[in-house]
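A closer look at the structure
Now for the letters of each chain:
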Amino acid sequence: MKKQMLALMAAAIGIGASAGEALWMRDVKISPDGTRIAFTYKGDIYTVGVKGGEARRLTTLGSYESNPIWSPDGSRIAFASDRHGNFDVFVMDANGGNATRLTTNSAGEIPETFTPDGKNVLFSAAIQNPAESSMFPSGRMTELYSVSVEGGKSRQIVGTPVQMPVFTPDGKKMLYQDVKGFEDEWRKHHTSSVTRDIWVYDFENARHTNLTARAGEDRNPALSADGKTVYILSERGGDTFNVWSFPIDNPSAAKRITDFSTHPVRFLSRAANGTMAFTYDGEIYTMASDNSAPAKISVDVVADAASSVEK
């Protein structure tokens, strides 16, 4: 009896040690309806309620998974995984289950967004520049492709780097952040001609328009439900990255939404109900509206911690 009690106590201690508040979550994306948040943590994909709490682990393999994105109806999540060597795009039910492989190219493929009808996933990969392209062929300078959620042959959408695209409500345009060169995406307070800008791409005339042509960093575009207001992460004014907004038809009228200091805000996304999610100093924050205060949420992760490699 005494041995059984000791065994139960040891098991309880082991279980308690495996549960804790997560830090340094990445690739944070709020669901379209604003009820859940997907994120990457220690190479796996998790989801958690917008109020925080215990996170649900969706991927369990020994491979590295990242960059989760939600389908428009919130029923599916696409993500990148290197379970077959290089990064490929996979899609799975948003509640977990078997993942379906969508891409098989030897290049690394990273999902960016679903099309508005939810039938295709747009992804970035350095596969093949268009014949007329004058860009230097490099793994950093990717192209944008589309693949069906059922799998099959992919097709090129744009021959220049398009990251974190978001569609306008009518589906005729998309906003995105560009890539001009080899600048480290984590570098802070950098100003030069190679920093990222926010662009809008018109599908009807294949025209790109720069909305934030300036020397500093502007990235992570998000849109209001009516498509009239753009939200970005910016270091304007010499400060750290914060959330800014501007009317899509008047980018010069940008205003600051958050007031963080010291550390940069990362991974901005916005739901249809206006709730925004992002990270600051390794933790997830939400904002119910432009005028509300950011609220940090507590995320508990329960996992079997891997033991260190024995030599």
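Our subject in this report is the structure included herewith. (Residues numbered from 1 in each chain as written. Predicted model: local features only at pLDDT ≥ 70, side-chain atom pairs only at ≥ 80, totals over all residues. Heavy atoms only, no water.)

What follows deals with the environment of Thr59. Relative to the assigned elements, Thr59 resides in the loop between β6 (56-57) and β7 (65-70). On the basis of relative accessible area, Thr59 is assigned to the buried category, the value being 3%. Spatially, the C-alpha atom of Thr59 lies 15 Å from that of Phe87, the residues being 28 residues apart in sequence. Those residues in contact with Thr59 that sit more than four places away from it in its chain are Asp44, Ile45, Glu65, Phe79, Arg83 and Met92. At a separation of 2.7 Å, a polar atom in the side chain of Thr59 contacts the side chain of Asp44. (Helix = DSSP H or I, 4+ residues; strand = E, 2+ residues; numbered from the N terminus. Buried < 20%, exposed > 50% of the residue type's maximum accessible area, 1.4 Å probe, protein only. Contact = heavy atoms within 4.5 Å. Polar contact = N/O pair within 3.5 Å; in protein donor to acceptor, adjacent residues only side chain to side chain.)

In this section: the sheet that holds strand β25 (residues 283-287). The four strands lie next to each other as β23-β24-β25-β26, forming an open sheet whose pairing is antiparallel. Each edge of the sheet is formed by a strand with only one pairing partner; in this case those strands are β23 (265-270) and β26 (295-296). With two bridges connecting them, β25 and β26 associate as antiparallel partners. Across the sheet, the residue bridging to Thr286 is Ala295, located in β26. (Pairing = 2+ DSSP bridges.)

The sheet built from four strands is open, its strands ordered β15-β16-β17-β18 with antiparallel pairing. The sheet is open, and its two borders are formed by β15 (163-167) and β18 (207-210), each paired with just one other strand. Put simply, the sheet's adjacent strands are angled 25° from each other on average, direction ignored. Strand direction decides the pairing type here: β15 and strand β16 (residues 173-177), joined by three bridges, are antiparallel. Following the sheet pairing, Phe167 is matched in β16 by Met174. (Axes fitted to C-alpha atoms, helices over the stretch in contact; angles between N-to-C directions.)

Another point: unusual backbone geometry. Phi at Met164 is positive, roughly 50°, even though this residue is not glycine. As for its placement among the helices and strands, Met164 is situated in strand β15. Not every positive phi belongs to a glycine, and Asn220 is a case in point at roughly 55°.

With that settled, consider the side chain of Asp178. In this structure, Asp178 sits in the loop between β16 and β17 (198-202). Judged by relative accessible area, Asp178 falls into the buried class, the value being 6%. Of note is the side chain of Asp178, whose polar atom sits 2.8 Å from the backbone nitrogen of Asp197. Only 2.8 Å separates the side chain of Asp178 from the side chain of Trp199, close enough to count as a polar contact. With residues near it in sequence (within four places) discarded, Asp178 still touches Pro161, Thr195, Arg196, Asp197 and Trp199.

Here the focus is the pairing of strand β19 (residues 218-223). In terms of residue burial, β19 counts as a mostly covered element, since six of its six residues are buried. For β19 and strand β20 (residues 229-234), the ladder comprises four bridges, and the chain directions are antiparallel. Paired with Arg219 across the bridge in β20 is Leu233. The antiparallel pairing of β19 with β20 creates a hairpin that spans five residues between the two strands, and Gly227 there sits at a positive phi of about 75°.

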